Amino acid sequence: MGANYFLERAKLSKVIIEDMFKVKQGETVAITGDTRSDRDFADALASFAYSSGAKPLIIWTPKATNDGQAGMKEWPDQALTAALCEVDVWIELQSTIILYSDIWENAMAKNKKLRYLILADTSIQSLMRIFIGFDVKLLNTFLEKVKDMAMNCKNIKIISNNGTNVSYETDTNNLFDLDSGDYSNPILGTAPG
């Protein structure tokens, strides 16, 4: 492993923990992963959480055969649920994801302070492209304007030179998810943008 291997994980971890989650002293940061997850990345996230004054908690499980609810029979669900209902931040690195399982549903429903981010087994190179090099506040401003535009229209039409010609009606009763990279308040976070 070259120097870049650890530098990329450190840079990414610093941005996620300090700039995006804005982890504070005394908070508990859970990092979940499995036997196919990037343990060095989990350790880097925990290190930056610790240096921010937080209490990192790495929870490692065997890789489940299936994602979500189908993986329940292979996870220590009672222990995972109990822990995740008490943390401030949860970063999921599972290669078979807990997202949408009873564990996740209970943590999201019961833990009103939870700031959650699903990264799954995305490669470090992809995460570097997605999470590094943009202004969170500027992206949030842009996404708010897109949301306002979407909420104020009834019909959308997309036309391109390569032949795309699609139109549809919108339903403003649905949730509009904004992922600007600001995970400092309770959120079900996905990749920014």
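These lines cover the structure that appears in this document, whether it is placed above or below.

Cut-offs applied
- Residues numbered from 1 in each chain as written.
- Predicted model: local features only at pLDDT ≥ 70, side-chain atom pairs only at ≥ 80, totals over all residues.
- Heavy atoms only, no water.
- Helix = DSSP H or I, 4+ residues; strand = E, 2+ residues; numbered from the N terminus.
- Buried < 20%, exposed > 50% of the residue type's maximum accessible area, 1.4 Å probe, protein only.
- Areas by Shrake-Rupley, 256 points an atom, 1.4 Å probe, with all protein chains shown as cover.
- Pairing = 2+ DSSP bridges.
- Axes fitted to C-alpha atoms, helices over the stretch in contact; angles between N-to-C directions.
- Phe/Tyr/Trp six-rings, centres within 6.5 Å; stacked < 30°, edge-to-face > 60°.
- Patch = residues over 30% accessible without salt bridge, like charges linked within 9 Å, V, L, I, M, F, W, Y side chains within 5 Å.
- Salt bridge = Lys/Arg side-chain N within 4 Å of Asp/Glu carboxyl O.
- Parallel < 35°, antiparallel > 145°, perpendicular 65-115°, else oblique.
- Left-handed = near helix turned anticlockwise from the far one by under 90°.
- Contact = heavy atoms within 4.5 Å.
- Nonpolar A, V, L, I, M, F, W, Y, C, P; charged D, E, K, R; others polar.
- Polar contact = N/O pair within 3.5 Å; in protein donor to acceptor, adjacent residues only side chain to side chain.

Thoughts on the overall build of the protein chain
Here is step 1: For the protein chain, the helix and strand inventory stands at six helices and seven strands.
Here is step 2: Reading the protein chain from its N end, one meets helices and strands in the order α-β-α-β-α-β-α-β-α-α-β-β-β.
Here is step 3: Residue burial in the protein chain is summarised as follows: out of 193 residues, 42% are buried.
Here is step 4: On the protein chain, roughly 10,700 Å² of surface is accessible, and the fraction owed to carbon and sulfur atoms is 52%.

As for the sheet that holds strand S7 (residues 187-189)
Here is step 1: In spatial order, the strands read S2-S1-S3-S4-S7; together these five strands make up an open sheet with parallel pairing. With partners counted over all chains shown, the strands left at the sheet margins are strand S2 (55-61) and S7, one partner each. The average angle at which neighbouring strand axes cross in this sheet is 15°, direction not considered.
Here is step 2: Inspection of the sheet shows strand S3 (residues 89-92) paired to strand S4 (residues 115-118) by four bridges, in the parallel sense. Residue pairing in the sheet places Ile 91 in a bridge with Leu 117 of S4.

Quick look at the packing of aromatic side chains
Here is step 1: Within the structure shown, the criterion is met by five aromatic pairs.
Here is step 2: Their ring planes at 35° and their centres at 5.2 Å tell us that Phe 21 and Tyr 183 sit as a pair that is tilted. Within this pair, whereas Phe 21 is found in the loop between helix H1 (3-20) and strand S1 (28-34), its partner Tyr 183 is found in the loop between strand S6 (165-169) and S7, the two being separated by 162 residues in sequence.
Here is step 3: Residue Phe 21 is classed as buried on the basis of its relative accessible area of 0%.
Here is step 4: Taking the centre distance of 4.7 Å and the plane angle of 65° together, the rings of Trp 90 and Tyr 116 count as edge-to-face.

Details of a nonpolar patch on the surface
Here is step 1: Together, Ile 158, Val 166 and Tyr 168 line one region of the surface with nonpolar side chains, adding up to about 260 Å² of accessible area.
Here is step 2: Relative to the elements of secondary structure, Val 166 occurs in strand S6.
Here is step 3: With a relative accessible area of 40%, Val 166 lands in the partly exposed category.

Observations regarding unusual backbone geometry
Here is step 1: In the Ramachandran plot, Lys 22 falls in the positive-phi region, its phi being about 50° despite a non-glycine side chain.
Here is step 2: Structurally, Lys 22 can be placed in the loop between H1 and S1.
Here is step 3: When its relative accessible area of 39% is taken as the criterion, Lys 22 is described as partly exposed.
Here is step 4: Notably, Ala 120 is not glycine yet its phi reads approximately 50°, a positive angle.
Here is step 5: Tracing the backbone shows Ala 120 in the loop between S4 and helix H5 (124-131).

Points about the packing of helix H3 (residues 77-84) against helix H4 (residues 102-110)
Here is step 1: Interhelical geometry of H3 versus H4 gives an angle of 25° and a closest axis separation of 9 Å. Taken together, the axes of H3 and H4 lie roughly parallel to each other. In the packing of H3 onto H4, the handedness of the crossing is right-handed. Residues Asp 77, Leu 80, Thr 81 and Leu 84 of H3 form the contact with H4, whose participating residues are Ile 103, Asn 106 and Ala 107.
Here is step 2: Tallied by class, residues from the contact of H3 with H4 come to four nonpolar, two polar and one charged.

Here we look at the side chain of Ser 13
Here is step 1: For Ser 13, the position within the fold is in helix H1.
Here is step 2: Within polar-contact distance, the side chain of Ser 13 engages the backbone oxygen of Arg 9 at 2.7 Å.
Here is step 3: Of the polar contacts made by the side chain of Ser 13, one reaches the backbone nitrogen of Leu 45; its length is 3.3 Å.
Here is step 4: Once residues within four sequence positions are removed from consideration, Ser 13 is found in contact with Glu 18, Phe 41, Ala 44, Leu 45 and Phe 48.

Observations regarding the pairing of S6
Here is step 1: The element S6 is largely exposed, with a buried count of zero among its five residues.
Here is step 2: Taking the residues between adjacent antiparallel strands as the criterion, strand S5 (residues 155-159) and S6 are bridged by five residues, where Gly 163 takes a positive phi near 110°.

A closer look at the environment of Asn 155
Here is step 1: Of note, Asn 155 is situated in strand S5.
Here is step 2: For the pair formed by Asn 155 and Arg 39, sequence separation is 116 residues and the distance between their alpha carbons is 46 Å.

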